Amino acid sequence: MLGADNKLPMRKEEEEGSEAINEHGDEWTMDGSVDFKSRPARRGKSGGWLAASLVLVNQGLATLAFFGVGVNLVIFLTRVLQQDNAAAANNVSKWTGTVYLFSLIGAFLSDSYWGRYKTCAIFQIIFVVGLVMLSLTSSLFLLKPSGCGDEHTFCEPPSGFKVGLFYLSVYLVALGNGGYQPNIATFGADQFDEQDPREAHSKISFFSYFYLALNLGSLFSNTFLGYFQNNGSWALGFWASAASAMVALLLFLGGTRQYRHFHPSGNPLSRVSQVIVAASRKWDADKPSSSKELHELGSKEFASTGSRKLLHTEGFKFLDRAAIIQAKDEPTLQSHPWHLCTVTQVEELKCVLRLLPIWLCTILYSVVFTQMASLFVEQGAVMKTNIGSFQIPPASMSAFDILSVALFVFLYRRILHPFACRLTGNSSGPTELQRMGVGLVIAIIAMISAGTVEIYRLKHVCKACINEESSMSILWQIPQYMLIGASEVFMYVGQLEFFNSQTPDGLKSFGSALCMTSISFGNYVSSLLVTILMDITKRGGKPGWIPDNLNKGHMDMFYYLLALLTAADLVVYIICAKWYKSIKVEGMEEEGDDEDEIDDIKIGDLKVSVV
């Protein structure tokens, strides 16, 4: 495989025809990508928007399938499995968290052994199997009597065996979707050569369109499927999800010849461990006066690995000891990686360590985001859901989140970004870190909006209505859903771009997995927070903040608490963003001493020299 800074050698006749090749855009890529036969990739015959479009449609269909299960799962648990509100919300949070936790498994297998294409294919097969199993389990065992599970008819209590089959199937869905998600985003970005100016611009745009495809795919689930499931047609909804996943898999496999690929770079855990062990063994070694004296491979050796050389950076100086060349190392530089590591290997670990504080700050945002699939739905279920004779399924309100994402992707790409570029005089516009900060601010406003709606909902509880429903229309939830959607465009799209651009070549899927695990831990933190708060607020015989009868609780206090916690998180995030230093790839322009300032960070526009 070719390296990032190496082109395929040309014979004389090829050199003579190179102008014609370039004229038609059929030159070799410079990022080390290969085609499906492991030959160096050519722009005119692989990758680009044609391959990326297949990935986008695949993502849309797979998301439709996933949210066909996830969007109404909390309602399924309460009506079919007869769980109480708090238990159902916690189980949804745990399940959603597990989905994204599985992304680490998918990223590890992709970066280490299988590559992104093979990993996506295998986990999509698991995803389809889980959905088919869920459809069969629900229709054959759980939905008894027929037609149960709507707003008025509860199902028969299922046996432990049937519940076990249900959880096995939904966690197979979690495994399949979780392992697939971080790799499909990175695989789509792989279709663009970031060393070509035109394709580099398209690569940045891809992440916005990827997140838009994800949300548009869930729009059908949140509207049509949500409507049928809310009226008891659970089996129909699950089978529709299974069919969508099958079509997505076939479409993905159908584009095999068109894709660009990168070979896996080996086990990243061993590379990280080698740096730690080698640095520990040389804890008392004298550090050289110049970083140029540290061990590093030549450009030609790096070209053979398909990855780019990282430049030495200050910070975490103890790790630099792993690259110090001692007399006992010199005869065997290539044979003892546990004694001597390259500067690039050391910098890989530094990159991960610098990313962790930013990643930790995004977890609390995910706590806010996960409320859409749990408490927002439960809140909507006790509001007035009918408009005339038409009844709005509470879970379908997330369609306004999706519409908001589509709207703000358009507004940002066409209006906000150009305006910011003209205002600041910077052609790259706001950095990913700045956009993520904006996402946190909007999330705070969203929680304040949700808490305010809950206060007024409690004032309009209809005592004469069945289940003491509020006479306040569910449409009053629209602002909180729209605000969450706007915050996603800034936070999650910024996250995808940030972690993809700031991770080394051998850890690209791991970078995308960081976005997914942020959501995972956010769900677990949400579940833990609800459990702790219920234990505290139920003392003295009180119903607690989130009881079975929400009209006797104070869910507004929970929303306001999240707003306060997110505000504190924003302060910590700003400090971490100012401290952060960008990855340095060979050939990238030096940013000077101010590169640690949030306004000066250059992200996603790395310039790599061709050696």
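What counts, and at which threshold
Residues numbered from 1 in each chain as written. Predicted model: local features only at pLDDT ≥ 70, side-chain atom pairs only at ≥ 80, totals over all residues. Heavy atoms only, no water. UniProt positions renumbered as here; feature names shortened; annotations may be inferred. Helix = DSSP H or I, 4+ residues; strand = E, 2+ residues; numbered from the N terminus. Buried < 20%, exposed > 50% of the residue type's maximum accessible area, 1.4 Å probe, protein only. Contact = heavy atoms within 4.5 Å. Areas by Shrake-Rupley, 256 points an atom, 1.4 Å probe, with all protein chains shown as cover. Salt bridge = Lys/Arg side-chain N within 4 Å of Asp/Glu carboxyl O. Phe/Tyr/Trp six-rings, centres within 6.5 Å; stacked < 30°, edge-to-face > 60°. Lys NZ or Arg CZ within 6 Å of the ring centre and 35° of its normal. Axes fitted to C-alpha atoms, helices over the stretch in contact; angles between N-to-C directions. Parallel < 35°, antiparallel > 145°, perpendicular 65-115°, else oblique. Left-handed = near helix turned anticlockwise from the far one by under 90°. Nonpolar A, V, L, I, M, F, W, Y, C, P; charged D, E, K, R; others polar. Patch = residues over 30% accessible without salt bridge, like charges linked within 9 Å, V, L, I, M, F, W, Y side chains within 5 Å. Disulfide = S-S within 2.5 Å. Polar contact = N/O pair within 3.5 Å; in protein donor to acceptor, adjacent residues only side chain to side chain. Core = buried A, V, L, I, M, F, W, Y, C linked by side-chain atoms within 4.5 Å. pLDDT = per-residue confidence, 0-100.

Labelled according to an unreviewed UniProt entry, the protein appears under the name Nitrate transporter 1.5, originating from Dendrobium nobile. Looking at the Sequence similarities (unreviewed entry) heading of the UniProt record, one finds this comment for the protein: "Belongs to the major facilitator superfamily. Proton-dependent oligopeptide transporter (POT/PTR) (TC 2.A.17) family." Under Subcellular location (unreviewed entry), UniProt gives the following word-for-word description of the protein: "Membrane".

Bringing the overall build of the protein into the picture now. Across its full length, the protein carries 19 helices and 2 strands. Evaluated residue by residue, the protein yields a buried proportion of 56% over its 611 residues. Partitioning the contacts of the protein with sequence separation of at least 6, the portion at a separation of at least 24 is 79%. Surface summary for the protein: the accessible area is close to 25,100 Å², and the carbon and sulfur share equals 63%.

On to the pattern of salt bridges, then. Applying the stated criterion to the full structure yields 8 salt bridges. Note that E454 and R457 form a salt bridge whose closest N and O atoms lie 2.9 Å from each other. In this pair, E454 and R457 are both assigned in helix 16 (residues 432-459), 3 residues apart and thus about one turn of the helix distant. Both residues of the pair, E454 and R457, belong to the buried class. When salt bridges with common partners are traced through the structure, they connect D111, R116 and D190 into a single cluster.

On to the packing of aromatic side chains, then. Two aromatic rings are characterised by how far apart their centres lie and by the angle between their planes. Tallying each qualifying case throughout the model produces 31 aromatic pairs. Ring geometry for F108 and Y113: centres 5.9 Å apart, planes at 75°, overall edge-to-face. Just above the ring of Y456 sits the side chain of K459; from NZ or CZ to the centre is 5.1 Å.

So, on to the packing of helix 15 (residues 399-424) against helix 17 (residues 478-501). In the contact formed by helix 15 and helix 17, the axes pass within 7 Å of each other and the chain directions differ by 45°. Taken as axis vectors, helix 15 and helix 17 run oblique relative to one another. Read as a crossing pair, helix 15 and helix 17 show a hand that is right-handed. Between helix 15 and helix 17, the contacting residues are F400, D401, S404, V405, F408, V409, Y412 and L416 on the first element and I478, Y481, M482, I484, G485, A486, E488, V489 and F490 on the second. Broken down by class, the residue content of the contact of helix 15 with helix 17 amounts to 13 nonpolar, 2 polar and 2 charged.

Right, let's talk about a nonpolar patch on the surface for a bit. Among the surface-exposed residues, F220, F224, Y227, F228, L236 and F390 lie close enough to one another that they form a single nonpolar patch of about 580 Å² accessible area. Counting through the fold element by element, F390 comes out in strand 2 (residues 390-391).

Evaluated as defined, the whole model comprises 1 disulfide. The disulfide bridge from C148 ends at C155, spanning 2.0 Å between sulfur atoms. Taking the torsion about the sulfur-sulfur bond, which here is approximately 95°, the covalent link between C148 and C155 counts as right-handed. Since its relative accessible area comes to 4%, C155 is described here as buried. Cysteine C576 is unpaired, with the sulfur of C361 as its nearest cysteine sulfur at 4.0 Å.

Contact geometry of helix 13 (residues 343-369) with helix 18 (residues 508-537) gives a least axis separation of 8 Å together with a crossing angle of 40°. Classified by the angle between their axes, helix 13 and helix 18 sit oblique to one another. When the axes of helix 13 and helix 18 are compared, the crossing they make is right-handed. In contact with V352, L355, W359, T362, I363, S366 and V367 of helix 13, helix 18 contributes F510, L514, T517, S518, I519, F521, G522, V525 and S526. Residues belonging to the contact of helix 13 with helix 18 are distributed by class as follows: 10 nonpolar, 6 polar and no charged.

Examined against the element boundaries, T137 turns out to sit in helix 6 (residues 116-142). Residue classification places T137 among the buried positions, given a relative accessible area of 4%. Within the local environment of T137, its side chain forms a polar contact with the backbone oxygen of M133, the two atoms lying 2.8 Å apart.

Moving on, we get to the nonpolar core. The biggest cluster of nonpolar side chains holds 122 residues, and the ones touching the most others in it are F76, W95, F166, F206 and F558. Tallying contributions element by element places helix 13 first for this core, with 10 residues. Excluding anything up to four places from it in sequence, F76 contacts L81, S138, L142, L143, F166, W234 and F238. A285, C341, V343 and L349 belong to the second-largest nonpolar core, a separate cluster that totals 13 residues.

Bringing unusual backbone geometry into the picture now. In this structure, P145 follows K144 across a cis peptide bond, with omega equal to 0°. If you trace the backbone, P145 turns up in the loop between helix 6 and helix 7 (160-189). Positive phi is not limited to glycine here, since Q82 has a value of about 60°. Mapped onto the elements of the fold, Q82 is located in the loop between helix 4 (73-79) and helix 5 (85-114). Relative accessible area serves as the criterion here: at 37%, Q82 is assigned to the partly exposed category.

Moving on: the confidence of the model for the protein. Averaged over all residues, the pLDDT of the protein equals 80, while 87% of them reach at least 70. Counting interchain partners and residues more than four positions distant, the pLDDT-below-50 stretch residues 1-25 has 45 contacts. With pLDDT under 50 throughout, residues 589-611 is counted as low confidence; its partners more than four residues away or in other chains account for 61 contacts.

Relative accessible area serves as the criterion here: at 0%, E454 is assigned to the buried category. Aside from chain neighbours lying at most four places away, what touches E454 is Q379, L550, M555 and D556.

What follows is about the environment of F76. Here F76 is to be found in helix 4. Along the sequence, F76 and D150 sit 74 residues apart, while their C-alpha atoms lie 9.2 Å from each other.

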